[in-house]
Structure formats: C-alpha cells, structure tokens
Amino acid sequence: MQDSIILGRPDDFHVHLRDGAALAAVVPLTARQFGRALVMPNLKPPVTTVSMAADYRERILRSVPTDLQFSPLMALYLTDATPVDEVARVAESDFAHAFKYYPAGATTNSDSGVTALAKVYPVLEAMQRHGVVLCVHGEVTDPTTDVFDREALFVEGSLQHIARDFPALKMVVEHITTLEAAEFVAASGANIAATITPQHLLYNRTSIFTGGIRPHLYCLPILKREKHRQALLQAATSGSAKFFLGTDSAPHAKNNKEACCGAAGCFTSHAAIELYAEAFDSVAAMNKLDDFASRFGAAFYGLPRNVGQVTLKRESWTPPNEFAFAGETIVPLTVGRNLSWRMV
Ligand code: DOR
Ligand code: ZN
C-alpha cells in the first residue's frame, strides 16, 4: 500500500474567499495548500471590472502569510451590462484570467448575473476573439424546475448553444455534478473543460439526509445521485486534461448554514487536497492526482506549473470542526469525519 505521494504544488481553479475581515480567516488556508487560486467575484457589489479586481486582489494579498507563495488569479463577474471593451482589458491584464457567468438567481450573490444568454453574445464573441476564458455556473434558474435537474437542462439548453455559436471560446463548466455535464465536456473540443469539487466526488444526494439533515453538505449545484458521483470520479481520474481541480470552497458563517433557510456552500479549503486524495484513493487512482491537481488546470489557463511540491502521507486525522470567521465560525464539510491522507 502506498503511504505517501509527492505532488506539484496544486492550484484551485474555483474558490470563494469573500472580503473584509473574512479574508484573514480563509486566505491563509487556501494559500497553505495552493500556489494559485481563481477567486470568484460574487461579492456585494460584484467584481465587474479589471480595476475592481485589482483592488480586490490587493486586499487578498494582505492576508497571505509572509512565509507562503500564493498568487490570486482574478475572475470578473459577467453581467448584462458588461461592456465589450472590458474583455480587451482582461486579455491585457496579467492577473485577471476569466469572466464568471452566473445565470441571474442561480446561487449566492447572483442577482446581478446574466438574465438571458443572448444579452452577452457580443461579449462572448469578444472573449472568443481575445482567448479569454468563460467560467460558467451551469444551472437553469426557473424556480419551478426540479433542483436536481437544473444542471442537465442547462447543458442542453445553454451550453450546447454556446459551444455551437462560439466554437473556439475557451469555457470551463464549473463544479460539474452530473453525468450529462461530464459527457458534454468529454465530447467537446479541447477548448472546453470542467472543474470538479471534492464534495461531488465524495458524496451523493443521499448523504445530505443521512441520519438527519446535514447542512454542511448543501451546496449549489446540489449533490446528485450515486450514478453521477461515479461519472465524476471516472472523469476526474480518467487522465483527461479537460477535468481539473476547483474546490468551490464557499465559507458561510455557521449561523447562516444551520438555519431555517441555510446558505449554499461547502467549506473545504482547510483540507482540500486531502479530500481529493481520499476520492482518488477510493478508486485506486492516486497516480492521476498530480495531473488533476497541479497540471491540467494551469495548462488550460496557459500558466506555467507552480514551483514547489506538496507531500501527502497516509495518516488518520480529524480536522477541526470549526474555524474562526470574522467574529463567527465556519463549520467545514469534514465535520465529524476522519481523513486518511494528510498534507505534511
Ligand atoms: O454552493 C455554492 N456556494 N454555490 C455557488 O455557486 C456559490 C457559492 C457561494 O458563493 O456561497
Ligand atoms: Zn462557486
């Protein structure tokens, strides 16, 4: 049995770091594990311009511990009103790497998102022309649509159209949760890729209701049936460069998760690489983890590999059940769970 593994220092191509006092709580945890992270722009107000992203990046950098090398990669929030010119500014910038497409109403702080795909067609055309990446939250937003069907319907109704109308657009389908999304990405050209979270590799929708309701397993897109988890595990460990690491670690205060209407988001930044190791090990695919965590994402974004390495050891340990969070606390995905790999 393999007892340790050395990986290139990994990247997280989808993380929520929030803002203000929250940064000091979560940035050090991400920076400890990852050399770079693509930081989601769903703040209030959203990060819609390169200039706002520059300021946000400075605020993040102030929370990076001095002994760690960490580079925040910035994503801009796409709205109906995003000017076509902003695309060129992203293309010229050395820290902004993508636009994030939230269908309006799909998730946390998505009210300013896109209300109709057609409204952003001129911007998508410019992104295709400039080689700027589009990151997509892939769910339909009709509130009457069954929550478990929203991703598959978006693949059919929107992603197929974007891929057909912008055949060279670089697109990342974020946090895929279904067989349908995995098949769409696998069948597309090399310009279309996907991130996969640890929770979608480790849990299914029944996990949310095991012995009671487990709010710390609730995120959007929601966990799906076991057959979808199996499809995601297969995609992540397939060796295809189209699938790479993006945690979607999304901190919310404990009070907002353990509430009568709990917020969506799983927090994993404290043990992200260990959670992926757990998933890859479960299908005897530890030899595929380095590419998934440290190589494929960087290659897709046209970035060099990080300098440095991380070592994981097989060791049973229990992560803390709460983390400080700007005067409140965060309860992580791992609450009540032991992990069998540990970053040393
Ligand atoms: O569960 C989620 N939480 N999904 C998202 O898309 C957003 C995120 C957040 O910002 O909390
Ligand atoms: Zn997210």
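Report follows, based on the coordinates. (Residues numbered from 1 in each chain as written. Chains lettered and ligands numbered in written order. Predicted model: local features only at pLDDT ≥ 70, side-chain atom pairs only at ≥ 80, totals over all residues. Heavy atoms only, no water.)

1. Structural notes on the sheet that holds strand β9 (residues 243-245)
And then number 1: An order of β2-β3-β4-β5-β6-β7-β8-β9 is seen for the eight strands of this open sheet, with the pairing classed as parallel. Of all strands in the sheet, those bounded by a partner on one side alone are β2 (11-15) and β9. Between one strand axis and the next, the sheet turns by 30 degrees as a mean value, whatever way the strands run.
And then number 2: Along the sheet, helix α11 (residues 289-301) makes contact with β2, β3 (36-39), β5 (96-101), β6 (133-136), β7 (171-173), β8 (192-196) and β9, crossing β9 at roughly 115 degrees. (Pairing = 2+ DSSP bridges. Helix = DSSP H or I, 4+ residues; strand = E, 2+ residues; numbered from the N terminus. Axes fitted to C-alpha atoms, helices over the stretch in contact; angles between N-to-C directions. Contact = heavy atoms within 4.5 Å.)

2. Observations concerning the pattern of salt bridges
And then number 1: This structure, assessed with the given rule, holds 15 salt bridges.
And then number 2: A salt bridge links Arg59 to Asp19, with the shortest nitrogen-to-oxygen separation between them at 2.8 Å. One end of the pair, Arg59, is in helix α2 (residues 50-61); the other, Asp19, is in the loop between β2 and α1 (22-33), with 40 residues separating them in the sequence.
And then number 3: The partly exposed category is assigned to Arg59, whose relative accessible area is 28%.
And then number 4: Within the structure, one salt-bridge network assembled from shared partners comprises Asp3, Asp281 and Arg314. (Salt bridge = Lys/Arg side-chain N within 4 Å of Asp/Glu carboxyl O. Buried < 20%, exposed > 50% of the residue type's maximum accessible area, 1.4 Å probe, protein only.)

3. Focus: the environment of Val172
And then number 1: Of note, Val172 is situated in strand β7.
And then number 2: Through-space distance from the C-alpha of Val172 to that of Val133 is 7.3 Å; in sequence the pair is 39 residues apart.
And then number 3: Apart from residues no more than four positions distant in its own chain, Val172 is found in contact with Val133, Leu134, Cys135, Val136, Ala193, Ala194, Thr195, Phe244, Phe300 and Tyr301.

4. Points about the packing of aromatic side chains
And then number 1: All chains considered together, the criterion is met by 11 aromatic pairs.
And then number 2: Considering the side-chain rings of Phe244 and Phe300, the 5.9 Å spacing of their centres and the 40 degrees angle between planes classify their relative orientation as tilted. Taken together, the positions of Phe244 in strand β9 and Phe300 in helix α11 put the pair 56 residues apart, joining distant regions of the chain.
And then number 3: The class for Phe244 is buried, based on a relative accessible area of 0%.
And then number 4: Given a relative accessible area of 8%, Phe300 falls into the buried group.
And then number 5: Relative to Phe292, the ring of Tyr276 lies with its centre 5.5 Å away and its plane at 55 degrees, an arrangement referred to as tilted. Pair noted here: Tyr276 is in helix α10 (residues 272-282) and Phe292 is in helix α11, with a separation of 16 residues, a long-range link. (Phe/Tyr/Trp six-rings, centres within 6.5 Å; stacked < 30°, edge-to-face > 60°.)

5. So, the site of ligand 1
And then number 1: The full set close to ligand 1 counts 13 residues, and Arg18, Asn42, Thr107, Leu220 and His252 are the nearest of them.
And then number 2: In the environment of ligand 1, a nitrogen atom lies 2.8 Å from a nitrogen or oxygen atom belonging to the backbone of Leu220.
And then number 3: Isolated, ligand 1 exposes 290 Å² of accessible area, and the fraction of that covered by the protein chains is 100%.
And then number 4: Grouping the constituent residues of the shell around ligand 1 by class yields four nonpolar, seven polar and two charged. (Near = heavy atom within 4 Å. Polar contact = N/O pair within 3.5 Å; in protein donor to acceptor, adjacent residues only side chain to side chain. Areas by Shrake-Rupley, 256 points an atom, 1.4 Å probe, with all protein chains shown as cover. Nonpolar A, V, L, I, M, F, W, Y, C, P; charged D, E, K, R; others polar.)

6. Observations regarding helix α5 (residues 150-165)
And then number 1: For α5, which comprises 16 residues, the first-to-last C-alpha distance of 22 Å matches the rise-based estimate of 22 Å (1.5 Å per residue) to within 8%.
And then number 2: Where α5 bends most, the angle comes to about 35 degrees, and this point is Glu156.
And then number 3: Within α5 the residues assigned to the buried category are Arg150, Glu151, Phe154, Val155, Ser158, Leu159 and Ile162.
And then number 4: Contacts from the buried residues of α5 go to α4 (121-130), β6, β7 and α6 (179-187). (Expected span 1.5 Å × (residues − 1). Bend = angle between axes of the 7 residues up to and from the residue.)

7. Looking at α11
And then number 1: Spanning 13 residues, α11 covers 18 Å between terminal C-alpha atoms, matching the ideal 18 Å at 1.5 Å per step.
And then number 2: The principal kink in α11, of about 40 degrees, is found at Arg295.
And then number 3: Where α11 is concerned, the buried positions are Leu289, Phe292, Ala293, Ser294, Phe296, Gly297, Ala298, Phe300 and Tyr301.
And then number 4: Phi turns positive one or two residues past the end of α11, at Gly302, with a value near 70 degrees.

8. Structural notes on the packing of α5 against α6
And then number 1: Packing of α5 against α6 leaves a shortest axis separation of 9 Å and a crossing angle of 20 degrees. As summarised for this structure, α5 and α6 are arranged roughly parallel, according to the angle between their axes. The handedness of the crossing between α5 and α6 is right-handed. For the pair α5 and α6, contact is made by Glu151, Ala152, Val155, Leu159, Gln160 and Ala163 and by Glu180, Ala181 and Phe184, respectively.
And then number 2: Residue classes in the contact of α5 with α6 are distributed as six nonpolar, one polar and two charged. (Parallel < 35°, antiparallel > 145°, perpendicular 65-115°, else oblique. Left-handed = near helix turned anticlockwise from the far one by under 90°.)

9. Section: the pairing of β3
And then number 1: Both faces of β3 are covered, namely the face carrying Arg36 and Leu38 and the face carrying Ala37 and Val39.
And then number 2: Sheet topology note: the β2/β3 ladder contains three bridges and is parallel. Across the sheet, Asp12 pairs through a bridge with Ala37, a residue of β3.
And then number 3: Handedness of the crossover joining β2 and β3 through α1 is recorded here as right-handed.
And then number 4: As paired elements, β3 and strand β4 (residues 71-77) share four bridges and run parallel to each other. The residue of β4 that forms the bridge with Leu38 is Leu73.
And then number 5: Crossover handedness for the path β3 to α2 to β4: right-handed. (Right-handed = clockwise from strand over helix to strand, strands pointing away.)

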